[in-house]
Every structure is written in structure tokens, then in C-alpha cells.
Amino acid sequence: MPRPKSSNPRSRVVNFRLTSDQYDEMEVCAKREGFSSLSGYLRNLHSLVAAQHQKQEVVKEDSATYPLLLPTLFEETKHGKMYLGDSLGLLHNTLKPESVDLVMTSPPFGLVRKKDYGNEDADQYVQWFRPFAAGFKRVLKKEGSLVIDIGSAWKAGLPTKSLYHFELLLTLCKEYGFHLCQEHYWWNPAKLPTPAEWVNIRRIRVKDAINCIWWLSRTPWPKASNRRVLAPYSDSMKSLLKNGYTPKLRPSGHDISDKFGVDNGGSVPPNLIALANTESNGGYQEYCRANSLPVHPARFPSGIPEYFIRMLTNPGDLVLDPFAGSCVTGEVAESLERKWICCELHEDYLKGARARFIGLKPRLRKQELSSYQIYPPCALNGTFDTTPLPSDGGFKRKPKQTSNRLANKPLPFYAQQAAQG
Ligand SMILES: C[S@@+](CC[C@H](N)C(=O)[O-])C[C@H]1O[C@@H](n2cnc3c(N)ncnc32)[C@H](O)[C@@H]1O
């Protein structure tokens, strides 16, 4: 690499330590890339990283370029505000930069089967999301988090799935510089077996019962504590805490220390959130019906925002839901004494959301302390595994079996064995 002109000579000498393995590895890489010296190689690496940052800066500057209609204040409570209109106006104008502690939201999903409130086509989804991504980056504090609950989508007419929610995640991280703190999966045990064509009729796919929840942040170190969201101990753990535990080596080779027997008040939950979306939302729904308002068709259960608001914010922090729908996030934030801002495009949904704040302070719905049963895979193995696999992958729809179904059903495995003597 030619030396820069003498007006800007390389006068700084930098020393840093490497292990000899690191040094050797770097030297090999530098040679492979055609650099005659390690310093040339490092300067080149730096320019690549700097270019990446510059790209992100361009994304950040987008704010000025959006033609913005500012949402209007619709309702105010002790801790929060509901806005009516396009949340891009809030994200790029009304809200101050670095003022939000948590963006907790569930955007319109790129569903193939469109819902009442209008979903973007899966292919255009990421493109549509870009100005929101830039806005989230603008308004989030450095130590804040962005939590996006996003459902998956099937490709139209095919038994295969869109990659749109993964593409969104990659775009948020690679282009907007967000860090993926941890993906969560929300399992809704009450979800219906859809799409019926693939699941119930052709029987070539299983029930789609998971939503992805991307927990992202601006730095790798957003404020968070899992102590805020502990789960009850299992019965075996309770008995272990009561009766004591003898430290020993597990069959897996893990050394379980005596610290294992310490009562920490509950167990650290997994990143699988099991929550049936069957909240009747009594007051909300009754209010909507009584006032001829639409009940929002895609509400999440309050347990979802409750979990993330508790884990990622302190009382008094600001929570934002830019795709507010019926304002579940606002209701939970109000109950937990966090400041909140919700924004929704459709006035009727906000009119209905008022129900959540009528009267005294909103209360968190009592979550039932029931757990759900999920069987290990192949729990019925041997009974139905004689079903023939369609050689065309289910492409051709089988004519409906109307009669004699049981007679045509293959014998269960154990019965075949018995028949063979
Ligand atoms: C999946 S729903 C959110 C439901 C909400 N989490 C709840 O539990 O009621 C997404 C909502 O975003 C709203 N929306 C879509 N684009 C918007 C925008 N640019 N600004 C504000 N709201 C928007 C839609 O009208 C829809 O009500």
C-alpha cells in the first residue's frame, strides 16, 4: 500500500499484544488476502468496519427524508398517552431521540391470509418495515430494548413458509446494527390447526403454534434481569430444596455443585413462553360490543408484554408500542407504573382500547398458574407409523374418504405384531 503524502504521514506507532496463535493466524490471513504486512491488513479491516458504520449512519439519517403526518393525542392516562395516526410521525418527529426504554410491539404480520386491519404482502414486508427500524434506532436509549412479536406466514397455495420474519431479523441486525439478545418463542397451546389444507386435509404439515419474538437491542448490554420473571420451581426442585441435595457428577459429566440446592425464589424461565391466547378480556370485549366497536382481531395476551416490561424496564421508564391495536401494552405498562406511549392507525381500535383505562387503575389479569402438557416426540410411535407417505409429497389432493374409513385404516403396530403371531 503506498505511503500517504508527507502532509499526513503515518506517525503513530501502535503496539498491541497477541498470542502467538493469533499472530500466526492473522499472518496467514493477511498473506492469503494479498497483504505484505499485518498493518496493511488491519488498516483494510478497519476500513471495512468503518464503511459498515457509515452505511448504518445513512440509515439513521433517514428521519429527515420522511414526509410525516404527525399523530394526534387521542387519550391520556396517569402514566400514558394514546396517539392516533401513523407511528412513523412519532418515531421520526414527536419523540425525542434516545428517549424510549423499551419498544414492545407486535407489528402487522406478513400474513398470506390477510386480516381485517390490512397486512403487507410478505415479499414487501422488510421494505415496508425499514422506516420503522430507523425510527426505533432513533428513539431507543442505548441501554433500551426492542421486542417484536411476529407470526410466521405460509406461501400462498404452497405447503412451505415465507422467510419474511427471518429476513426482517437479519435486516435489523445487519443493516440497522441491532443486536439479537435472545430469540423467544411464544407457544400458544390454544392455536387452531392451520392451514387446514396442509394440516387437517392433506396431513402433510403439523400444527403451527409458535410465534417468534425477537428481543433486540442497540448494544450487547441492554438493561435486563431474569430475576424479574422467575417461574415457580418444579415439584422435584421443591423437594430437592426441602430435602437437600448431595453434590455429584451427572451422567452427562456435569459437576452439579452444592449451589444447585440454593433457593433463589424461582427458576429461570426458558425462552419458550407457553401462553394460551384465550384471554376473554371481559371488560374490553363487552365495551366494544356495547359501543358497536370492532374487537381487535390480533391481540396478544397481556402476559407477553408483562414478561418483557418486567424484565427490561424499571417503574417510571418509557415503553412504546407503535402498532398499538387495542393497547394491551399500554394497559400492562399502566398497571406496572411505567410511562407508556401507544400509537394506532385506526380510530375505532383506540376507541375500544379506552375500555382498558376506564375507572380505577387497570389491573393485570391474573395469569392462571396452570402449566401445559406437551408430549415428547413420537409418544404414540408404533401405532400410526404405518401410514403410507404420499410419494408426490401431498401434491394431489386425495378424494375425500366418506365410508368405511376404519376398515381401511392400517392396523396399529402392536395389532400387526399380534396378527403375525
Ligand atoms: C398485530 S396488531 C397489534 C395488536 C396489539 N398488540 C394488541 O394486542 O391489541 C398491529 C396493529 O398495528 C396497526 N398499524 C399498522 N401500521 C401502523 C402505523 N404505521 N402506525 C400505527 N399503527 C399501525 C394496525 O392497525 C394494527 O392494529
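Residues numbered from 1 in each chain as written. Predicted model: local features only at pLDDT ≥ 70, side-chain atom pairs only at ≥ 80, totals over all residues.

**Student:** Help me understand the overall build of the protein chain in this model?
**Tutor:** Along the backbone of the protein chain there are 13 helices and eleven strands. For the protein chain, buried positions account for 28% of its 421 residues. Taking all contacts inside the protein chain whose residues are at least 6 apart in sequence as the whole, residues at least 24 apart take part in 71%. (Helix = DSSP H or I, 4+ residues; strand = E, 2+ residues; numbered from the N terminus. Buried ≥ 20, exposed ≤ 12 C-beta atoms within 10 Å, placed from the backbone. Contact = placed C-beta atoms within 7 Å.)

**Student:** Would you mind showing me how to read the site of the ligand here?
**Tutor:** In the region of the ligand, 21 residues are neighbours, and Ser87, Arg299, Phe323, Gly325 and Ser326 sit closest. Put simply, the parts of the chain that give the shell around the ligand at least two residues each are helix H3 (87–94) and strand S11 (339–344). Looking at side-chain class alone, the shell around the ligand contains twelve nonpolar, six polar and three charged residues. (Near = placed C-beta within 6 Å. Nonpolar A, V, L, I, M, F, W, Y, C, P; charged D, E, K, R; others polar.)

**Student:** Teacher, can you tell me more about the packing of helix H9 (residues 303–312) against helix H10 (residues 328–335) here?
**Tutor:** In a packed pair of helices, the relevant descriptors are the angle between the two axes and the axis-to-axis distance. Here H9 crosses H10 at 45 degrees, and the two axes come no closer than 9 Å. Classified by the angle between their axes, H9 and H10 sit oblique to one another. Considering how the two elements wind past one another, H9 and H10 form a crossing that is right-handed. Touching Pro305, Glu306 and Ile309 of H9 are Val328, Thr329, Val332 and Ala333, all from H10. (Axes fitted to C-alpha atoms, helices over the stretch in contact; angles between N-to-C directions. Parallel < 35°, antiparallel > 145°, perpendicular 65-115°, else oblique. Left-handed = near helix turned anticlockwise from the far one by under 90°.)

**Student:** How should the sheet that holds strand S6 (residues 210–217) be read in this particular structure?
**Tutor:** Adjacent strands of a sheet pair through backbone hydrogen bonds, lying either parallel or antiparallel. If you trace the nine strands from one edge of the open sheet to the other, you get S1-S2-S11-S10-S3-S4-S6-S5-S9, paired in mixed fashion. Of all the strands in the sheet, just strand S1 (72–76) and strand S9 (272–274) have a single pairing partner and so form its edges. Each strand of the sheet is rotated relative to its neighbour by a mean of 20 degrees, with strand direction disregarded. Judged from the five bridges that link them, strand S2 (residues 80–84) and S11 form a sheet pairing that is parallel. The residue of S11 that forms the bridge with Tyr83 is Cys343. Each of strand S3 (100–105), strand S4 (140–150) and strand S10 (318–321) is contacted by helix H4 (residues 125–139), which is oriented at about 145 degrees to S4, the strand it contacts most. (Pairing = 2+ DSSP bridges.)

**Student:** I keep staring at the pairing of S11 and nothing clicks. Help me out?
**Tutor:** Regular strands place their side chains on alternate faces of the sheet. Burial of S11 is extensive: five of the six residues sit out of reach of the surface. The pairing of S10 with S11 spans four bridges and is classified as parallel. What sits directly across from Leu320, in S11, is Ile341. Regarding the hand of the β-α-β motif, the stretch spanning S10, H10 and S11 is right-handed. (Right-handed = clockwise from strand over helix to strand, strands pointing away.)

**Student:** How should I be thinking about the environment of Gly135 in this particular structure?
**Tutor:** Here Gly135 lies in helix H4. It is 9.1 Å that separates the C-alpha atoms of Gly135 and Gly89, two residues lying 46 residues apart in sequence.

**Student:** Sorry, what's going on with the packing of H3 against H4 here?
**Tutor:** H4 packs onto H3 with a crossing angle of 40 degrees between their chain directions and a minimal axis gap of 9 Å. Classified by the interaxial angle, the pair formed by H3 and H4 is oblique. Note on packing geometry: the crossing formed by H3 with H4 is left-handed. For the pair H3 and H4, the contacting residues are Leu88, Leu91 and His92 in the first and Pro131, Phe132, Gly135, Phe136, Arg138 and Val139 in the second. Residues that form the contact of H3 with H4 fall into these classes: six nonpolar, two polar and one charged.

**Student:** When you look at the pairing of S10 in this model, what are you seeing that I'm missing?
**Tutor:** Here S10 shows no split at all, with Leu318 and Leu320 on one side and Val319 and Asp321 on the other all buried. Alignment of S3 against S10, held across two bridges, turns out to be parallel. Paired with Leu102 across the two strands is Val319, which belongs to S10.

**Student:** Teacher, can you tell me more about unusual backbone geometry here?
**Tutor:** Across the chain, the bulk of peptide bonds are trans and the bulk of non-glycine residues have phi less than zero. Residue Pro195 is bonded to the preceding Thr194 through a cis peptide linkage, with omega at -10 degrees. With respect to the helices and strands, the residue Pro195 is situated in the loop between strand S5 (179–187) and helix H6 (196–201). Of note in this structure, Cys327 is not a glycine but carries a positive phi near 70 degrees. Considering the arrangement of structural elements, one finds Cys327 in the loop between S10 and H10. Residues other than glycine seldom take positive phi values, yet Glu337 does so here, at roughly 60 degrees. Tracing the backbone shows Glu337 in the loop between H10 and S11.

**Student:** Honestly, H10 in this entry has me stumped. Any pointers?
**Tutor:** Along an α-helix, a turn takes 3.6 residues, which lines up residues three or four apart on a common side. Burial analysis of H10 places seven of its eight residues in the buried class, the great majority of the element. Listed in full, the buried residues belonging to H10 are Val328, Thr329, Gly330, Glu331, Val332, Ala333 and Glu334. If you follow the buried residues of H10, they end up packed against S2, S3, H9, S10 and S11.

**Student:** Where do I start with the nonpolar core in this structure?
**Tutor:** The nonpolar side chains of a soluble globular protein tend to be buried with one another. With 67 residues, the main nonpolar core has Leu102, Val103, Val147 and Ile309 as its most contacted residues. A per-element tally of this core places H4 first, with eight residues. (Core = buried A, V, L, I, M, F, W, Y, C linked by C-beta atoms within 7 Å.)

**Student:** Teacher, can you tell me more about the environment of Ala274 here?
**Tutor:** Its place among the elements puts Ala274 in strand S9. Between the C-alpha atom of Ala274 and that of Gly303, which follows or precedes it by 29 residues, the distance is 9.7 Å. Those residues in contact with Ala274 that lie beyond four places of it in its chain are Trp187, Pro189 and Tyr372.

**Student:** Can you help me understand the confidence of the model for the protein chain in this one?
**Tutor:** As a general rule, the predicted coordinates of low-pLDDT regions are not to be interpreted in detail. On average, the protein chain scores 84 in pLDDT, and the residues at 70 or more come to 78%. Per-residue pLDDT stays below 50 along residues 411–421; that stretch engages in eight contacts with residues further than four places along the chain or on separate chains. (pLDDT = per-residue confidence, 0-100.)

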